[in-house]
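Architecture and fold: a report
Here are the chains, one letter per residue:
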Amino acid sequence: MGHRDFLAITDLSREEIQTIFSRARLHQESGPETVLAGRSVVLLFEKASTRTRISFEVGVARMGGHPIVLTPAGSQIARGEPLQDTARVLSGYCDCIVMRTYGHERIQEMARWADVPVINALTDLLHPCQVLADCFTLQSRFGSLEGKRVAWIGDGNNMANSWINAASLLDFELALACPAGYEPDAGIMDAARAGGAKITLVRDPAEAAQGALAVNTDVWASMGQEEEATLRMKAFRDYTVTEALMDRAAGDAVFMHCLPAHRGEEVTEEVLESARSIIWEQAKNRLYVQEAVMAFLLQQ
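Since the structure is predicted, the reported quantities are computational estimates derived from the model, not experimental observations.

The rules behind these values
Residues numbered from 1 in each chain as written. Predicted model: local features only at pLDDT ≥ 70, side-chain atom pairs only at ≥ 80, totals over all residues. Heavy atoms only, no water. Helix = DSSP H or I, 4+ residues; strand = E, 2+ residues; numbered from the N terminus. Rg over C-alpha atoms; globule rule 2.2 N^0.38 Å. Contact = heavy atoms within 4.5 Å. Areas by Shrake-Rupley, 256 points an atom, 1.4 Å probe, with all protein chains shown as cover. Lys, Arg positive; Asp, Glu negative; His and termini not counted. Charge placed at Lys NZ, Arg CZ, Asp CG, Glu CD. Core = buried A, V, L, I, M, F, W, Y, C linked by side-chain atoms within 4.5 Å. Buried < 20%, exposed > 50% of the residue type's maximum accessible area, 1.4 Å probe, protein only. Pairing = 2+ DSSP bridges. Polar contact = N/O pair within 3.5 Å; in protein donor to acceptor, adjacent residues only side chain to side chain. Axes fitted to C-alpha atoms, helices over the stretch in contact; angles between N-to-C directions. Expected span 1.5 Å × (residues − 1). Bend = angle between axes of the 7 residues up to and from the residue.

To continue, consider the overall build of the chain. Looking only at helices and strands, one finds 12 helices and 9 strands in the chain. The C-alpha radius of gyration of the chain comes to 19 Å, within 12% of the 19 Å expected for a compact globule of 300 residues. On the principal axes, the C-alpha backbone points of the chain span a range of 55 × 45 × 40 Å. Excluding contacts between residues fewer than 6 apart, the proportion of contacts in the chain whose partners are at least 24 apart in sequence is 74%. Split by element, the accessible area of the chain, about 12,100 Å² in all, is 50% carbon and sulfur. Distance from the positive charge centre (28 side chains) to the negative charge centre (40 side chains) of the chain: 2 Å.

And the structure:
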């Protein structure tokens, strides 16, 4: 049984991304298509979640489907049932598996054994649903992203890695400012650059933000890194997005954050609550883009 997975933005072509965006706009403006009627989607969350879990659960319901939220504590996974067994069992009951987990190899293992589409709702390596929705948000506001400049300030984490993947497909310039030792995944960077993506990695946030259409950041310590918080506070102390940093960006530039935010750390309260901040728009668009991704994968 042929099916497609969505584990990384690079699993899609440029044309397919635009097809998904057109569909998302339709869902945004006219409401969702009921393509999940009579279908069930398992939402397997091994990591805590607010936006991802709710947007997927609401999206499945809005499209006429039945969402089943599974946490390790409520399943046999916590007792050591192998993923290859879980994948095959879930495939027998459900039409799609949405998984949020730790190591990227876990979702790859799930996809290897599942007979239904698997969607990456976040791994330590990538967060494709968030960045796809962020690109949709920027495209809705500014039109094509081709040739535009996007800045990433802070940790070279799963978000930064997914922005690199997006830049390689949507032809925008990506400037990342990361402290030494906190750079994005080298393999992902090399692959994007080899494909002709315009990606620069610098140390100075002001350099990255210069002329950017969007200035992006994320928390300094992601889930599972809390014990490194003190070390990270020191490494990232010059990486706060402030009004002064935003002023270096383009005149109509926007501030973006995938949330949750730590006010006064990676971004000031002033920037977060300013007219330039589009964080709530980003969060809302997760719903429409994820609905469109599910519709796209299930109608292959």
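Okay, the nonpolar core next. Membership of the largest hydrophobic core comes to 65 residues, with the highest contact counts inside it found for I119, L132, L138, W163 and F172. With 10 residues, helix α12 (residues 279-298) is the single largest residue contributor to this core. Counting 27 residues, the second largest nonpolar core, distinct from the first, contains I153, A208, A212 and F236.

Here we take up the pairing of strand β9 (residues 254-257). Of the two faces of β9, both are covered, the one formed by V254 and M256 as well as the one formed by F255 and H257. Sheet topology places strand β8 (residues 214-217) next to β9; 4 bridges connect them, and they run parallel. Each bridged residue has a counterpart across the sheet, and for N216 the counterpart in β9 is M256.

Following the sequence through the fold, R4 ends up in the segment before α1 (14-30). Taking C-alpha positions, R4 is 19 Å from G59, a pair spaced 55 residues apart along the chain. Within the structure, R4 has its side chain in polar contact with the backbone oxygen of D11 (distance 3.0 Å). Side-chain polar atoms of R4 contact the side chain of E16, separated by 2.9 Å.

Within the open sheet, the 4 strands sit side by side as β2-β1-β3-β4. Their pairing is parallel. For this open sheet the edge positions go to β2 (66-70) and β4 (118-120), each flanked by a neighbour on one side alone. Looking at each pair of strands side by side, their axes are set apart by 20 degrees on average, direction ignored. With 5 bridges connecting them, strand β1 (residues 40-45) and strand β3 (residues 96-100) associate as parallel partners. Paired with L43 across the strands is V98, a residue of β3. Strand contacts of helix α4 (residues 104-113): β1, β3 and β4, with the helix running at about 165 degrees to β4, the strand carrying the most contacts.

Attention now goes to the side chain of T240. Along the chain, T240 turns up in the loop between α9 (229-235) and α10 (243-246). Within the structure, T240 has its side chain in polar contact with the backbone oxygen of E265 (distance 2.6 Å). Discounting chain neighbours no more than four positions away, the residues touching T240 are W220, L245, E265, E266, V267 and T268.

When the terminal C-alpha atoms of α12 are compared, their 29 Å separation across 20 residues agrees well with the 28 Å that a helix rising 1.5 Å per residue should span. Along its length, α12 shows its largest kink, about 30 degrees, at N285. Of all the 20 residues making up α12, 16 are buried; the element is thus mostly covered by neighbouring parts of the structure.

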